[in-house]
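Observations on chain architecture
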Amino acid sequence: MSDTPPPLPELVRQVRKSREYKRLTDAIPYTRFMGIGVENLAGEMLCRMAYSPRNIGNSLLPALHGGTLGALLESAAVFELLLQTNTERVPKVISLTVDFLRSGKPQDTFAKALITRQGRRVANVRVEAWQDDRTRPIASAHALFLLSEP
């Protein structure tokens, strides 16, 4: 038996059925490096970025680097689209606007994406990231994705 994951479209179909999200995030080198995973917590799909000292952008506070938060928000949106729509290709970002609301502490960070509008070719997604208290997000994003080529 080979350790090579199946091609992405097949892997996405398998994960949609099995809900073994770790198989998908482990197949993507960037999410493995960033410590970003998809989990089923309390019956909903959430992304978690595990804390790592390399994610610190301001060592005096210390606070998470904005780029790591942006990566978490974008990843959460992509995984939401891959797992909740019929697309089999990784959606391409058309635009991503991030609002940094407060400093991220050196700890695990969670994100939840919501598809606000989906057409045949494009989708709008809203994402929020938080740490201790979901009602006090540390960052949010609005994103527009291309789901398929014309």
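A brief structural summary. All values derive from a computational prediction rather than experimental measurement. (Residues numbered from 1 in each chain as written. Predicted model: local features only at pLDDT ≥ 70, side-chain atom pairs only at ≥ 80, totals over all residues. Heavy atoms only, no water.)

Some remarks on the overall build of the protein chain
- Within the protein chain, the secondary structure is distributed over four helices and eight strands.
- Ordered by position from the N terminus, the helices and strands of the protein chain form the series α-α-α-β-β-β-β-α-β-β-β-β.
- For 150 residues, the compact-globule formula gives about 15 Å, and the C-alpha radius of gyration of the protein chain, at 15 Å, lands near that figure.
- By its C-alpha atoms, the protein chain is 45 × 40 × 25 Å across when sized along the principal axes.
- Of the contacts made within the protein chain by residues no fewer than 6 positions apart, 57% connect residues no fewer than 24 positions apart.
- Of the roughly 8300 Å² of accessible surface on the protein chain, a fraction of 53% belongs to carbon and sulfur atoms.
- Mean positive and mean negative side-chain charge positions of the protein chain (20 and 15 charges, respectively) differ by 4 Å. (Helix = DSSP H or I, 4+ residues; strand = E, 2+ residues; numbered from the N terminus. Rg over C-alpha atoms; globule rule 2.2 N^0.38 Å. Contact = heavy atoms within 4.5 Å. Areas by Shrake-Rupley, 256 points an atom, 1.4 Å probe, with all protein chains shown as cover. Lys, Arg positive; Asp, Glu negative; His and termini not counted. Charge placed at Lys NZ, Arg CZ, Asp CG, Glu CD.)

What about the environment of Arg121?
- Here Arg121 shows up in the loop between β6 (109-118) and β7 (122-130).
- For the pair Arg121 and Arg13, spaced 108 residues apart in sequence, the C-alpha to C-alpha distance is 19 Å.

Some details on helix α1 (residues 8-18)
- Three or more residues of α1 are buried, namely Leu11, Val12, Val15 and Arg16. Buried residues of α1 fall within an arc of 135° about the axis and therefore sit on the same side.
- On its buried side, α1 packs onto α2 (21-26) and α4 (66-84).
- At the exit of α1 stands Arg19, carrying a positive phi of roughly 65°. (Buried < 20%, exposed > 50% of the residue type's maximum accessible area, 1.4 Å probe, protein only. Arc of directions from axis to C-beta.)

A word on the side chain of Thr25
- With respect to the helices and strands, Thr25 occurs in helix α2.
- Looking at Thr25, the relative accessible area reads 4%, which means it is buried.
- A distance of 3.3 Å separates a polar side-chain atom of Thr25 from the backbone oxygen of Lys22.
- If near-sequence neighbours (up to four positions away) are discounted, Thr25 is found in contact with Thr31, Arg32, Ile36, Gly37, Val38 and Phe79. (Polar contact = N/O pair within 3.5 Å; in protein donor to acceptor, adjacent residues only side chain to side chain.)

By themselves, these are just geometric observations and shouldn't be taken as functional.
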